[in-house]
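Residue strings, one per chain:
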Amino acid sequence: MTKITLQGNQIKTIGKLPKIGKKAPKFKLVKTDLSKAGLKDFKGKKVLINIFPSIDTGICAASLRKFNETAAGLENTVVLNVSKDLPFAHSRFCAAEGIENALTLSDFAKGKFGRKYGVTIKTGPMKGLLSRAVVVVNEEGLVSYTEQVPEIAQEPNYDAALEALK
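1. A short note on the pattern of salt bridges
Item 1. For the structure on display, the rule yields two salt bridges.
Item 2. D56 is the partner of R92 in a salt bridge, and the nearest nitrogen-oxygen pair spans 3.0 Å. Of this pair, R92 sits in helix α2 (residues 87-97) while D56 is found in the loop between β5 (46-51) and α1 (58-70), placing the two residues 36 residues apart along the sequence.

2. Side note on α1
Item 1. When the terminal C-alpha atoms of α1 are compared, their 18 Å separation across 13 residues agrees well with the 18 Å that a helix rising 1.5 Å per residue should span.
Item 2. Looking at the packing, one finds that the buried side of α1 touches β5, β6 (77-83), α2, β7 (103-106), β8 (133-137) and α4 (158-164).

3. Quick notes on the packing of aromatic side chains
Item 1. A full pass over the atoms with the stated rule returns four aromatic pairs.
Item 2. Aromatic side chains F27 and F113 sit 5.1 Å apart centroid to centroid with 90° between the ring planes, which places their arrangement in the edge-to-face category. Taken together, the residues span a long stretch of sequence, with F27 in the loop between β2 (9-12) and β3 (28-30) and F113 in helix α3 (residues 112-116) at a distance of 86 residues.
Item 3. Exposure remark for F113: the relative accessible area of 1% places this residue in the buried category.
Item 4. Plain terms: the ring middles of F67 and Y158 are 5.0 Å apart, the flat faces sit at 70° to each other, and that makes the pair edge-to-face. Of the two residues, F67 sits in helix α1 while Y158 sits in helix α4, which places them 91 residues apart along the sequence.
Item 5. We classify F67 as buried; its relative accessible area is 0%.
Item 6. We note K66 situated over the ring of Y158; from NZ or CZ to the ring centre the distance is 5.8 Å.

4. Quick look at the confidence of the model for the protein chain
Item 1. Looking at the protein chain as a whole, its pLDDT mean stands at 93, while 99% of the residues score no less than 70.
Item 2. Across the protein chain, the secondary-structure element scoring lowest on mean pLDDT is α1, at 85, and the one scoring highest is strand β9 (residues 143-148), at 98.

Reading the values: rules and limits
- Residues numbered from 1 in each chain as written.
- Predicted model: local features only at pLDDT ≥ 70, side-chain atom pairs only at ≥ 80, totals over all residues.
- Heavy atoms only, no water.
- Salt bridge = Lys/Arg side-chain N within 4 Å of Asp/Glu carboxyl O.
- Helix = DSSP H or I, 4+ residues; strand = E, 2+ residues; numbered from the N terminus.
- Expected span 1.5 Å × (residues − 1).
- Contact = heavy atoms within 4.5 Å.
- Phe/Tyr/Trp six-rings, centres within 6.5 Å; stacked < 30°, edge-to-face > 60°.
- Buried < 20%, exposed > 50% of the residue type's maximum accessible area, 1.4 Å probe, protein only.
- Lys NZ or Arg CZ within 6 Å of the ring centre and 35° of its normal.
- pLDDT = per-residue confidence, 0-100.

Have a look at this one:
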């Protein structure tokens, strides 16, 4: 369990992020066209997993924009934006923002991703959603960087995550 805060109030997640140097947990999530995508679909690539509570909040939207502007253009790199929002919400947001190349994935169906990655919020008003976190997986499928953002209303450390992709 990890202790984080929401506007200064303590909340908890169900676990901890995957350990650096270990194999990244496998997952299957739902894309905006309702097809499935999993970590194995990106084998041999560097993968930045941008995890957040909801696309309909300012900071979550900002992280999607920022990582897709900066990391998606890196060679052999893919950015996965993951939340429990319905795929239709992801699609609506990207269309409204003019974002065409963002890969958004939803954990709404079974919640397995949130459990495997330890990011499902266990307590507080956002219980059941995913916490704000970043995981970078290298070409060999090993976790090379993690950040559990300590305050949900705070943006992730973009520079550190991008450095981990180099």
